[in-house]
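Descriptive structure summary
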Amino acid sequence: MPELIAQLVDVRKEYMMGLVLVEALRGLSLDFHRGEYITIMGQSGCGKSTLLNLLGCLDRPTTGQYLLGGEDVSTLEDDELSQIRGMRIGFVFQSYNLIQQLNVLENIEVPLYYQGRPEEESREIAGRLAERVGLGDRMHHRPYELSGGQQQRVAVARALANDPLIILADEPTGNLDSTSGSDILNVFDELHGQGKTLIMVTHSDEVSERAQRVIRLRDGKVERDERRCKTA
Amino acid sequence: MSAAAKPLNTRGPFRVASVQRWVRTVQLGMKSLWLRKLRSLLTVLGIVFGVCSVIAMLAIGEGLSYEAQEQIRRLGSNNIILRSVKPPEERRTSSEQSYVVEYGLSYKDVDRIRATIPSVEILVPSRNIRKDVWSATRRIDCDIVGTVPWYQEMRNHRVERGRFFTDEELERSENVCVLGNGLPEALFPIDEAIGGKVRVDGDYYRVVGVMEPKSRQAVSSQANANVNGLNNPAGPAPGTGAGVGAPYEMYIPLTAAKNRFGETLVERTSGSFSAERVELHEATVKVKNIEDVVETWHIISDLMKSNHKKIDYEIIVPLDLLRQAERTKRIFTIVLGAIAAISLLVGGIGIMNIMLATVTERTREIGIRRALGAKRKDIIMQFLVECVLLSATGGIIGVALGLAIPQVISFFAELKTIVTFWSPFVAFSISALVGVVFGIYPAMRAANMDPVEALRHE
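Residues numbered from 1 in each chain as written. Chains lettered and ligands numbered in written order. Predicted model: local features only at pLDDT ≥ 70, side-chain atom pairs only at ≥ 80, totals over all residues.

**What to know about the overall build of chain A**
- The helix and strand inventory of chain A stands at seven helices and ten strands.
- The C-alpha atoms of chain A give 17 Å as radius of gyration, which agrees with the globular expectation for 232 residues (17 Å, within 12%).
- Considering only C-alpha atoms, chain A reaches an extent of 45 × 40 × 40 Å along its principal axes.
- Here chain A holds 232 residues, and 49% of them are scored as buried.
- Taking the intrachain contacts of chain A between residues at least 6 apart in sequence as the baseline, contacts between residues at least 24 apart amount to 70%. (Helix = DSSP H or I, 4+ residues; strand = E, 2+ residues; numbered from the N terminus. Rg over C-alpha atoms; globule rule 2.2 N^0.38 Å. Buried ≥ 20, exposed ≤ 12 C-beta atoms within 10 Å, placed from the backbone. Contact = placed C-beta atoms within 7 Å.)

The following block contains the structure:
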């Protein structure tokens, strides 16, 4: 078994929605290992997004522990969480979430900027990543000049910029046509091949086919956690 | 738990010189503002107008009060000026034929002041008569000033060429004259004026000197101010029957003026004659010490009151006027300051309003940045820098306009304007400060957004 990089220990998350207390996660315990390709599935409202937000350090659990890279991050302050997001996590969102006033290179540089990396260095890293996702000829384009698939590839490049511990993807193909979608999934496969750890939320069985491990959630609990040997 | 996991360092592994970071934050801010050019411009207008009106108004105010103080200083702050004034009720009766109006300062008044008040250093009496001066066939409308030889020391208005008339000439009431600046050229376009003769009524006067131009520069220092001043800088020669001062002046001995023109001046008005008898039109009293000016003023005032039945004189105390002018200026500056504060406040509120809208509009961007590792203070800095850039740009444009407007006013309205050196700096710093103050709240609001909520925002 490869090293353990993230671990949830009896994590609960409750929040108020108006006057109603919503129990989004009701005692989850999950282990994630280096190099795993995991998809999280479940119906809407089952707690997928909440789980992803916790894994991405965008939110803190109400109770329970979240160990990331060996450190308990469930009790950290806001600034420290920001720091960890910037260093350890790469996000890919359903709606790309690129910054509109920045071009491709600058978008990829954003996480590097917040890590305080020197400009020349981040420019170089961004250039390399843009090449890697096949946008070497579009580095100075703005997001609105790109197709959805291209934008999502920029987002993937951005997620890779800080060489994160985990890449979190929230329905990355949800807004894409099947061709662009499979392009992105191919990129993910490639990343997985290079030993990256990927956690992806998806609705699609077809997408989750590609993963090594599928976690199904139901009502804030793990319904099933199946590992399979990747065939073919 | 694997030892291979990177040690957590919340300060981040890379620290870049903060200068570079600042430069990039500023660049980012400029980029964001440039994307919304029209909005940024409109936002900035409040500050632009605030700053430019402050500078321009201060410049105009400063110019006006400088002019006023200049005029007062020219009278001399150690001086007390007594002038004959035709009493108003006499003016009405003067329409009666062959009625001689008698009023004004007398030689007795002058003697009394000289004799009884020890703080008086010099006293210059003068008579101003408006006459035509002839040289051959050339005729010039002129104020003839009958005065005493020490006139020039007192007023710091000196002879440029030739000499002033002497004590002996005064005593013998000789027909000598000193021409005011500009008069020699007008009367003697070809010949040398000194040694020439000019005619007034039936008498000829020998020209012995020419006065220097009435200097403006000499007045600016307080030291010179007390010996400065000319006949009628603050208004028309009172009660001479000749009205407003003529463009040129000619100086003759007081005694000559008395003997040649007499003390009764006849004025022809439509259909009737009016005559008035005035011994002296003006007397300037120079007080030795500036501290004694006010006291001396009160003594002279009492003295005059007890010897004149009517108020047929006025007492002008330049020092008092100067103090009043300074007080007025102070009030003016305070009022301007208040207007400035209000306009900058309005400008600042405008900026805050737009920044709040911008923050809402860019919620998504804030969420993305937070997810990608931006700390709260990074977000605060981002928006604060935008605010300060906006208000500082407004400040710069405002300063430029504020410096240009007084020039335009000076040029077209012929109004003196003075831009005090500190006003652009103060206006600019305040506008930048407004950016910080009114930027803090929107920036805090942006920074305190929950990243999860912000990312979900459409």
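What follows continues from the structure just given.
**Observations concerning the sheet that holds strand S3 (residues 37-41) of chain A**
Residues and elements named next belong to chain A.
- Across the sheet, six strands lie side by side as S6-S7-S8-S3-S9-S10; this open sheet has mixed pairing. Two strands in the sheet have a free side with no partner beyond their single neighbour: strand S6 (89-92) and strand S10 (221-227). If you compare each strand with its neighbour and ignore which way they point, the axes differ by 20° on average.
- Where S3 meets strand S8 (residues 198-201), four bridges bridge the pair, whose relative direction is parallel. From the neighbouring strand, Tyr37 faces S8, where its bridge partner is Leu198.
- Running over the sheet, helix H5 (residues 148-160) touches S6 and strand S7 (166-170) and is turned about 170° from S6. (Pairing = 2+ DSSP bridges. Axes fitted to C-alpha atoms, helices over the stretch in contact; angles between N-to-C directions.)

**Here we look at the interface of chain A and chain B**
- With 29 residues of chain A in contact, the opposing surface of chain B contributes 30 residues.
- Those elements that provide at least two residues to the side of chain A that touches chain B are strand S1 (4-17), helix H2 (78-88) and helix H3 (104-114) of chain A.
- Top element by residues in the side of chain A that touches chain B is H2(A). It accounts for seven residues.
- A class-by-class count of the residues in the side of chain A that touches chain B yields ten nonpolar, ten polar and nine charged. (Nonpolar A, V, L, I, M, F, W, Y, C, P; charged D, E, K, R; others polar.)

**A short note on the pairing of strand S4 (residues 138-147) of chain B**
Residues and elements named next belong to chain B.
- Pairing of strand S3 (residues 120-135) with S4, which is carried by nine bridges, proceeds in the antiparallel orientation. Counted as the bridge partner of Asp132 is Asp141 from S4.
- Turn length for the S3-S4 hairpin, with the two strands adjacent in sequence and antiparallel, is two residues, and the turn residue Ala136 shows positive phi of about 50°.
- When S4 meets strand S9 (residues 248-253), the two strands line up parallel, connected through six bridges. The partner of Val145 across the bridge, within S9, is Tyr251.

**Some thoughts on the confidence of the model for chain B**
All names here are of chain B.
- Confidence along chain B averages 79 in pLDDT terms, with 84% of residues attaining 70 or more.
- Across chain B, helix H12 (residues 363-371) holds the top mean pLDDT of 94, while helix H8 (residues 222-225) sits lowest at 32.
- A low-confidence stretch, residues 1-13 (pLDDT under 50), is modelled with 17 contacts involving residues beyond four sequence positions or located in other chains.
- Low pLDDT, under 50, characterises residues 216-244; the predicted model gives this stretch 76 contacts beyond four residues in sequence or across chains.
- Overall fold confidence for the complex sits at a pTM of 0.71, while the interface term, ipTM, reaches 0.93. (pLDDT = per-residue confidence, 0-100.)

**Regarding the packing of H5(A) against helix H6 (residues 178-193) of chain A**
All names here are of chain A.
- The geometry of H5 relative to H6 is characterised by a closest axis approach of 9 Å and an angle of 20° between their N-to-C directions. Relative to H6, H5 is oriented roughly parallel. Here H5 and H6 pass one another in a crossing that is right-handed. Contacts between H5 and H6 pair Gly148, Gly149, Gln152, Arg153 and Val156 from the former with Ser180, Asp183, Ile184 and Val187 from the latter.
- Classifying every residue of the contact of H5 with H6 gives three nonpolar, four polar and two charged. (Parallel < 35°, antiparallel > 145°, perpendicular 65-115°, else oblique. Left-handed = near helix turned anticlockwise from the far one by under 90°.)

**As for unusual backbone geometry**
- Within the chain, Tyr96(A) stands out as a residue other than glycine whose phi angle is a positive 60°.
- Residue classification places Tyr96(A) among the buried residues on the basis of 23 C-beta atoms within 10 Å.
- The backbone of Ser173(B) shows a phi angle near 45°, a positive value even though the residue is not glycine.
- Among the structural elements, Ser173(B) can be located in the loop between helix H6 (167-171) and strand S6 (176-179).
- In this structure Ser173(B) comes out as partly exposed when scored by C-beta crowding, with 17 C-beta atoms within 10 Å.

**Quick notes on helix H9 (residues 254-261) of chain B**
Residue and element names in this part refer to chain B.
- Listed as buried for H9 are Leu254, Ala256, Ala257 and Arg260. An end-on view of H9 places all buried positions within 160° of arc, on one side of the element.
- Looking at the buried side of H9, the elements it contacts are S3, S4, H6, strand S8 (203-211) and S9.
- Directly beyond the C-terminal end of H9, a positive phi value near 70° is found at Gly262. (Arc of directions from axis to C-beta.)

**Looking at the packing of helix H11 (residues 318-361) of chain B against helix H13 (residues 376-413) of chain B**
Residues and elements named next belong to chain B.
- Their axes nearest at 11 Å, the elements H11 and H13 cross at an angle of 145°. The way H11 lies across H13 gives a crossing that is right-handed. Taking contact as the criterion, the partners of Gly347, Ile351, Met355 and Val359 in H11 are, on H13, Phe383, Cys387, Leu390, Ser391 and Gly394.
- The residue inventory of the contact of H11 with H13, partitioned by class, reads six nonpolar, three polar and no charged.

**Considering the sheet that holds strand S2 (residues 20-33) of chain A**
Residues and elements named next belong to chain A.
- Here we have four strands laid out as an open sheet, ordered S2-S1-S4-S5, and antiparallel in their pairing. In this open sheet, the two strands that pair with only one neighbour each are S2 and strand S5 (71-72).
- Where S1 meets S2, eleven bridges bridge the pair, whose relative direction is antiparallel. Residue pairing for S2: Arg12 is matched across the bridge by Arg26.

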